[in-house]
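Spelled out from the first residue to the last, the chains are:
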Amino acid sequence: MSHLDNIPSTPGKFKMEKSAYIHRVRWQSSITKLTFWSLIILGSILIFFYRSPSSSPLSSDPSRRSLSTYDWGGPSWEKRVRSSARVRSRNGISVLVTGAAGFVGTHVSVALKRRGDGVLGLDNFNNYYDQSLKRDRQALLERTGVFVVEGDINDSALLKKLFEVVPFTHVMHLAAQAGVRYAMENPSSYVHSNIAGLVSLLEVCKSANPQPAIVWASSSSVYGLNTKVPFSEQDRTDEPASLYAATKKGGEEIAHSYNHIYGLSLTGLRFFTVYGPWGRPDMAYFFFTRDILKGKSIPIFEAADHGTVARDFTYIDDIVKGCLASLDTAEKSTGSGGKKKGPAQLRVFNLGNTSPVPVSDLVSILEKLLKVKAKRNIMKLPRNGDVQFTHANISLAQRELGYKPTTDLPTGLKKFVRWYMNYYSQGKKADA
Ligand SMILES: O=C(O)[C@H]1O[C@H](OP(=O)(O)OP(=O)(O)OC[C@H]2O[C@@H](n3ccc(=O)[nH]c3=O)[C@H](O)[C@@H]2O)[C@H](O)[C@@H](O)[C@H]1O
């Protein structure tokens, strides 16, 4: 029996004559507590130092940083960065791809790498949607020879370090907070990634020597409530219907100012509802597929008076071609040492498919491909940032980039469904 067993469990039963004994027990209990807390504090200090980059074998590099969960820096890390970004073809370019583990980022990185360009990925692997899908894309990139650095575009120290290690000729900036409807749930994530993150990236690019040329993802959503179709780059873009659209429009204005002040070459690409294999689970075609297969009902939006809601769905391979053509035709930035030396290129292109398809037709195509009847729940287009239709005029991209989409929605969805069935047949769960 331990001495602690002698202490009555009910405080009311404590007897005064036992005070000396109680004193001793209290004193022992204080010692125990002190020892306990000392161990906790000591343990925390040890864990802190163990996790801290400066205590690792890479600590000789003072630039090594850890931003909450991100670790980077050190000789072996730099070696991987350099090797991934090494150009392996004549006239190849070295590209920093932000958002590389994202849908478009993965496809673009693979395409660049395959043609011999140097490619380094950057991604913060956030949890906006299923992170395991991002990790699987990362594995695919690793197999192709693309190293994806884990970090955030808001980490200027990391960005500076990357430019110190590699004099990137180009940046393909695809890191963003995507999704139109999610902006009502988490507005600050849009400001963090699409505004602050963009500025952080441009700040580093403007000071880099040489300055890279930048191609980045804007969005068809900047056309907002416009009714004139098809949407042309000359049309007004001052009526965004969502915060997502507003941050992409803001990005275009920010691009203008960095081009004007610092001579950065900037090309914004207005993507029109991009879909395909390795796509985003938050997008309608993706979760419709999952829910049709599960026998769950799917909400299909319609406008007032049973008006059709339609999208100019654009297949990923066409988008990739547009991205590569934009990088290849991008002129050099003109500034150096953070100072503009002359006017620089500033462009905006629509990258769409030019044939809008009603959402109900998208569902019909999926039904045929999946051989399952969808449970359709027709509902009024909610006031959550969605617009009724999108339709791209691509003549500018056609002229300047040789952009010519070749995949229609049934063909593209067939490829998506084949990928989906294969990917999720491997025991993975299709959760958004
Ligand atoms: O072009 C862009 O710039 C954007 O494209 C994409 O946005 P959207 O065109 O809205 O795609 P997506 O959500 O797949 O909805 C498709 C259709 O299904 C309808 N839709 C949607 C959800 C639903 O439950 N029901 C429904 O009918 C919905 O009304 C719509 O008509 C990207 O997500 C965005 O990040 C951005 O890149």
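As the structure is a computational prediction, the values presented were derived from the model and not from experiment. Residue positions are given per chain, counting from 1 as you read along its sequence in written order. Side-chain atom pairs in this predicted model are given and counted only at pLDDT of 80 or more, local residue features only at pLDDT of at least 70, and totals for whole chains, interfaces and linings cover all residues.

## A look at the site of the ligand
- Taken together, 19 residues lie near the ligand, and A178, S219, M283, A284 and F301 sit nearest.
- Elements supplying a minimum of two residues to the shell around the ligand: α8 (284–294) and β10 (297–302).
- Strands are runs of DSSP state E lasting at least two residues, helices are runs of H or I lasting at least four, and both sets are numbered from the N terminus onward. Considering each element in turn, the shell around the ligand owes the most residues, 3 residues, to β10.
- Following the grouping adopted for this structure description, the nonpolar residues are Ala, Val, Leu, Ile, Met, Phe, Trp, Tyr, Cys and Pro, the charged ones are Asp, Glu, Lys and Arg, and the polar ones are all others, Gly among them. For the shell around the ligand, a count of residues per class yields 12 nonpolar, 5 polar and 2 charged. In this analysis a residue is considered near a molecule or strand if the C-beta atom, reconstructed from its backbone, is found within 6 Å of that molecule or strand.

## Notes on helix α9 (residues 316–329)
- For a helix, the expected span equals 1.5 Å multiplied by the number of residues minus one. The end-to-end C-alpha distance of α9 is 20 Å, a good match for the 20 Å that 14 residues give at a rise of 1.5 Å each.
- Put simply, a residue is buried when 20 or more other C-beta atoms lie within 10 Å of its own C-beta and exposed when 12 or fewer do; between those, it is partly exposed, and each C-beta is set from the backbone. When α9 is considered as a whole, its buried residues turn out to be I316, D318, I319, V320, G322, C323, L324, S326 and L327.

## Side note on the confidence of the model for the protein chain
- Summarising the model, the protein chain shows a mean pLDDT of 88, and 84% of its residues fall at 70 or more.
- Note on residues 1–27: pLDDT under 50 across the span, and 4 contacts to partners over four residues away in sequence or across chains.
- Interface confidence for the predicted complex, given as ipTM, is 0.99, next to a pTM of 0.86. For every residue, the predictor reports its confidence as pLDDT, a number between 0 and 100. Contact between two residues is assigned whenever their backbone-derived C-beta positions fall within 7 Å.

## Considerations on the pairing of strand β3 (residues 94–98)
- Extensive coverage of β3 is indicated by the burial of 5 of its 5 residues.
- Because side chains alternate across β3, one face comprises the buried residues S94, L96 and T98, and the other comprises V95 and V97, equally buried.
- The handedness of a crossover follows from its direction of travel: if, with the strands pointing away from the viewer, the path from the first strand over the helix to the second runs clockwise, the crossover is right-handed. In this region the chain leaves β3, passes through helix α3 (residues 103–114) and returns to the parallel neighbour strand β4 (residues 118–123); the handedness of that crossover is right-handed.

## Re the packing of α3 against helix α4 (residues 131–144)
- Relative orientation of the contacting elements α3 and α4 amounts to 5°, with a least axis distance of 10 Å. On the basis of their axis angle, the class for α3 and α4 is roughly parallel. On the side of α3, the interface is formed by T106, S109, V110 and K113, while α4 contributes R137, L140, L141 and T144.
- When grouped by side-chain class, the residues that make up the contact of α3 with α4 number 3 nonpolar, 3 polar and 2 charged. Orientation is described by axes fitted as lines to C-alpha atoms, over the contacting stretch for helices, and by angles from 0 to 180 degrees between their N-to-C directions. The labels follow the angle: roughly parallel below 35 degrees, roughly antiparallel above 145, roughly perpendicular from 65 to 115, and oblique for the rest.

## Some details on the UniProt feature "domain: NAD-dependent epimerase/dehydratase" (unreviewed entry) in the protein chain
- Cross-referencing UniProt, the feature "domain: NAD-dependent epimerase/dehydratase" (unreviewed entry) maps to residues 95–332 in the present numbering.
- Between the first and last C-alpha atoms of residues 95–332 the distance is 13 Å; the span itself is 43% helix and 18% strand. UniProt positions are given in the numbering used here, feature names are shortened, and annotations may be inferred rather than shown by experiment.

## Regarding the environment of A392
- Locating A392 in the fold gives a position in the loop between β15 (375–380) and α11 (395–401).
- Looking at A392, the number of C-beta atoms within 10 Å reads 28, which means it is buried.
- Contact partners of A392, with chain neighbours within four places excluded, come to S220, P230, F231, F272, D312, N350, G352, N353 and T354.

## Side note on the environment of Q398
- Of note, Q398 is situated in helix α11.
- Residue Q398 is classed as partly exposed on the basis of its 15 C-beta neighbours within 10 Å.
- Separated by 249 residues in sequence, Q398 and V149 have C-alpha atoms that sit 34 Å apart.
- Sequence-distant contacts of Q398, defined by excluding residues within four places in its chain, comprise Y403 and K404.

## Quick notes on the environment of V180
- Along the polypeptide, V180 turns up in the loop between β6 (170–173) and α6 (187–207).
- Judged by the 20 C-beta atoms lying within 10 Å of it, V180 falls in the buried class.
- Once the C-alpha coordinates of V180 and G385 are considered, the two residues, 205 residues apart in sequence, prove to be 6.0 Å apart.
- Leaving out residues up to four positions away in the same chain, V180 has contacts with S221, S242, Y244, G385 and D386.

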